[in-house]
Amino acid sequence: MKKILMLLFVSFFYTISAQDAAKSWDYPYKPGSEKWKSFKSHQEMVNICQIPEDVIHSLTTQELIEICLDYPLFFTLTAFNNKQEGFEQNKREFNGFSELFHRVDAGKELLRLYSGIYPGEVMSMQSDLDKGNFKFRIFYLEILLAQNDLLSTLSKKEQKVLLRECLEKIGEKNYAAYSNFQKQTTYLIMARILLLNKESEFINLYHLNQSDYDWFIYSIKLTGSSLLREIETTTMNYLSKTN
């Protein structure tokens, strides 16, 4: 079943990225190639995706981020009921993620990249494939940004910049009719920053509905849209109080 899901996700959502930063290394084989089709197991796919040791440490953090966003097996986290566990498995399996999390400037570079992304651009895209690839690239970027190990490397000022970016992204996503699934990672960043800063209004809401918040914050499993409205309102209140 998992192998079938994997093939379906690869078919619909994998893209060969041609983004801003040029990469000095790329995956030798990718979904759709004859070599990739010949792999008989998930582990074979994982093994072929590893960045060579003589390359990985010479990559700039910007290049490394682009390579991580293009990781051919990133999508597998969506097959997990607990998507945080899905990401943790990706992180264990792919040396690009582990290297990224050791870079002291990873959080800042992810924030810089995120600031230049506009979810509303999806409305100008013609094909469903292009739209799906674009939305999933944002999803992956937000999954990375939402990791506490990276959020905690940002200064309070940078965290507030990120919160403002999230509010802008939500506005664009709403206008472009993104689904709650496609918006949840934006709210996840906001919720984790608020929790990280022990924001009093958010902490009160958290304790009133701890079960649902725990599912969302720690498992990336959304149980209802009311949480999203609370997170957005609390974020706006937090920024207005701390400006």
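Scroll up to find the structure.
A brief structural summary. (Residues numbered from 1 in each chain as written. Predicted model: local features only at pLDDT ≥ 70, side-chain atom pairs only at ≥ 80, totals over all residues. Heavy atoms only, no water.)

1. Quick notes on the side chain of glutamate 93
Right, on to step 1. Mapping glutamate 93 onto the fold places it in helix H6 (residues 83–93).
Right, on to step 2. Look at glutamate 93: it is buried, it has no salt bridge, and the nearest opposite charge is arginine 92 at 6.9 Å.
Right, on to step 3. Those residues in contact with glutamate 93 that sit more than four places away from it in its chain are His42, Val46, Gln50 and Tyr71. (Helix = DSSP H or I, 4+ residues; strand = E, 2+ residues; numbered from the N terminus. Buried < 20%, exposed > 50% of the residue type's maximum accessible area, 1.4 Å probe, protein only. Lys, Arg positive; Asp, Glu negative; His and termini not counted. Salt bridge = Lys/Arg side-chain N within 4 Å of Asp/Glu carboxyl O. Contact = heavy atoms within 4.5 Å.)

2. Let's talk about the side chain of glutamine 184
Right, on to step 1. Within the secondary structure layout, glutamine 184 lies in helix H12 (residues 180–196).
Right, on to step 2. Of note is the side chain of glutamine 184, whose polar atom sits 3.2 Å from the backbone oxygen of phenylalanine 181.
Right, on to step 3. Excluding residues that lie within four positions of it along the chain, glutamine 184 makes contacts with Lys83, Phe139, Phe216, Ile220 and Leu222. (Polar contact = N/O pair within 3.5 Å; in protein donor to acceptor, adjacent residues only side chain to side chain.)

3. Regarding the packing of aromatic side chains
Right, on to step 1. Applying the stated criterion to the full structure yields 18 aromatic pairs.
Right, on to step 2. Taking 5.4 Å as the distance between ring centres and 65 degrees as the angle between the ring planes, the aromatic pair formed by phenylalanine 87 and phenylalanine 97 counts as edge-to-face. Note that phenylalanine 87 is positioned in helix H6 and phenylalanine 97 in helix H7 (residues 95–100), a separation of 10 residues in sequence.
Right, on to step 3. Here phenylalanine 97 falls in the buried class, since its relative accessible area comes to 0%.
Right, on to step 4. Centroid distance phenylalanine 136 to phenylalanine 139: 5.7 Å. Interplanar angle 50 degrees. Geometry classified as tilted. (Phe/Tyr/Trp six-rings, centres within 6.5 Å; stacked < 30°, edge-to-face > 60°.)

4. Re the nonpolar core
Right, on to step 1. In this structure, Ile51, Tyr71, Phe74, Leu144, Leu162, Ile189 and Phe216 are the most contacted members of the largest nonpolar core, which totals 71 residues.
Right, on to step 2. Among the elements that take part in this core, helix H9 (residues 128–145) stands out by supplying 9 residues, more than any other.
Right, on to step 3. With sequence-adjacent residues up to four places away left out, leucine 144 is seen in contact with Leu69, Phe74, Phe87, Phe97, Leu100, Phe101, Leu110 and Leu150. (Core = buried A, V, L, I, M, F, W, Y, C linked by side-chain atoms within 4.5 Å.)

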